[in-house]
Amino acid sequence: MVSENNEPSLWEGFKAFLMRGNVVDLAVAVVIGAAFTSIVNSVVEGVINPIVGAFGTQDLNKYTYCLQGPCKVVNGEPVGIEIMWGTVVSAAISFLITAAVVYFLMVLPMAKYLARQAAKKAEKEGTQEVLEVSELEVLKEIRDALVAQRGSGHTES
């Protein structure tokens, strides 16, 4: 449907937005990212935390600091202000692992691939320019030969 001033309708604009390639790519990336996050969390909980546990507790979430008052539970209620810095360390480790895997397994190979493609394209364009220049020179030589023939033909008459 098109409105009176030839603009697409709201529905048409929405469909066009959804059908763009980058929107679909983004949706795929989000789904893959969510699945990948669970793998990274499993690695952190199953491998990294036990390694850290060799030096302390196996659960990083138990690393805390009491900011104010005695941090203990009295009558089922927590007393004091507890900073759970182990949770932050665990999240930071998860982030670093995720970033490293994404960079080394996705970004770096894609950058190398795109660089190779750009080099091939530049090489092909360079070859094309050489062909065009040589064709141009051949055409100039043909033109000069024709001019010379005409010039010599006029002098004979």
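A brief structural summary. From a predicted model like this one, the values you see are computed outputs, not experimental measurements. (Residues numbered from 1 in each chain as written. Predicted model: local features only at pLDDT ≥ 70, side-chain atom pairs only at ≥ 80, totals over all residues. Heavy atoms only, no water.)

**Overview of the overall build of the chain**
Move 1: Tallying secondary structure elements over the chain gives 3 helices and 2 strands in all.
Move 2: N-terminal to C-terminal, the α/β element order of the chain is α-α-β-β-α.
Move 3: Scored against the burial criterion, the 157 residues of the chain give a buried share of 6%.
Move 4: Sequence-distant contacts, at least 24 apart, represent 34% of the contacts inside the chain between residues at least 6 apart. (Helix = DSSP H or I, 4+ residues; strand = E, 2+ residues; numbered from the N terminus. Buried < 20%, exposed > 50% of the residue type's maximum accessible area, 1.4 Å probe, protein only. Contact = heavy atoms within 4.5 Å.)

**A few points about the packing of aromatic side chains**
Two aromatic rings, taken as a pair, are described by how far apart their centres are and by the angle between their planes.
Move 1: This model, assessed by the stated rule, comprises 3 aromatic pairs.
Move 2: Aromatic side chains tyrosine 63 and tryptophan 85 sit 5.2 Å apart centroid to centroid with 40° between the ring planes, which places their arrangement in the tilted category. Of this pair, tyrosine 63 sits in the loop between helix 2 (21-53) and strand 1 (65-74) while tryptophan 85 sits in helix 3 (residues 85-156); the two residues are 22 residues apart in sequence, bridging distant segments of the chain.
Move 3: When the centroid spacing of 5.1 Å and the interplanar angle of 80° are considered together, the rings of tyrosine 103 and phenylalanine 104 count as edge-to-face.
Move 4: With relative accessibility at 51%, the residue phenylalanine 104 sits in the exposed group. (Phe/Tyr/Trp six-rings, centres within 6.5 Å; stacked < 30°, edge-to-face > 60°.)

**Regarding the pattern of salt bridges**
Move 1: All chains considered together, the criterion is met by 2 salt bridges.
Move 2: A salt bridge links glutamate 12 to lysine 15, with the nearest nitrogen and oxygen atoms 3.9 Å apart. Highlighted residues: glutamate 12 and lysine 15, both in helix 1 (residues 10-19), separated by 3 residues, approximately one helical turn.
Move 3: Glutamate 12 sits in the partly exposed class, given a relative accessible area of 30%.
Move 4: The class of lysine 15 is partly exposed, set by a relative accessible area of 37%.
Move 5: The closest approach of N and O atoms between arginine 143 and aspartate 144, which form a salt bridge, is 3.2 Å.
Move 6: Classification of arginine 143 by relative accessible area gives partly exposed; the value is 46%. (Salt bridge = Lys/Arg side-chain N within 4 Å of Asp/Glu carboxyl O.)

**Side note on a nonpolar patch on the surface**
Move 1: Together, Val24, Val28, Ile32, Val102, Tyr103, Phe104, Leu105, Met106 and Val107 make up a nonpolar patch on the protein surface, roughly 830 Å² of accessible area in all.
Move 2: Of all the secondary-structure elements, those providing two or more residues to the nonpolar patch are helix 2 and helix 3.
Move 3: Exposure remark for methionine 106: the relative accessible area of 45% places this residue in the partly exposed category. (Patch = residues over 30% accessible without salt bridge, like charges linked within 9 Å, V, L, I, M, F, W, Y side chains within 5 Å. Areas by Shrake-Rupley, 256 points an atom, 1.4 Å probe, with all protein chains shown as cover.)

**A short note on the pairing of strand 1**
Move 1: Pairing geometry for strand 1 and strand 2 (residues 77-83), over 6 bridges, is antiparallel. Each bridged residue has a counterpart across the sheet, and for lysine 72 the counterpart in strand 2 is valine 79.
Move 2: Counting the residues in the hairpin turn of strand 1 and strand 2 gives 2 residues, including asparagine 75, whose phi is positive at 55°. (Pairing = 2+ DSSP bridges.)

**Remarks on the side chain of serine 90**
Move 1: Note on placement: serine 90 falls in helix 3.
Move 2: When neighbours within four sequence positions are excluded, serine 90 is seen to be in contact with Val44 and Leu60.

Nothing here speaks to function; it is geometry throughout.
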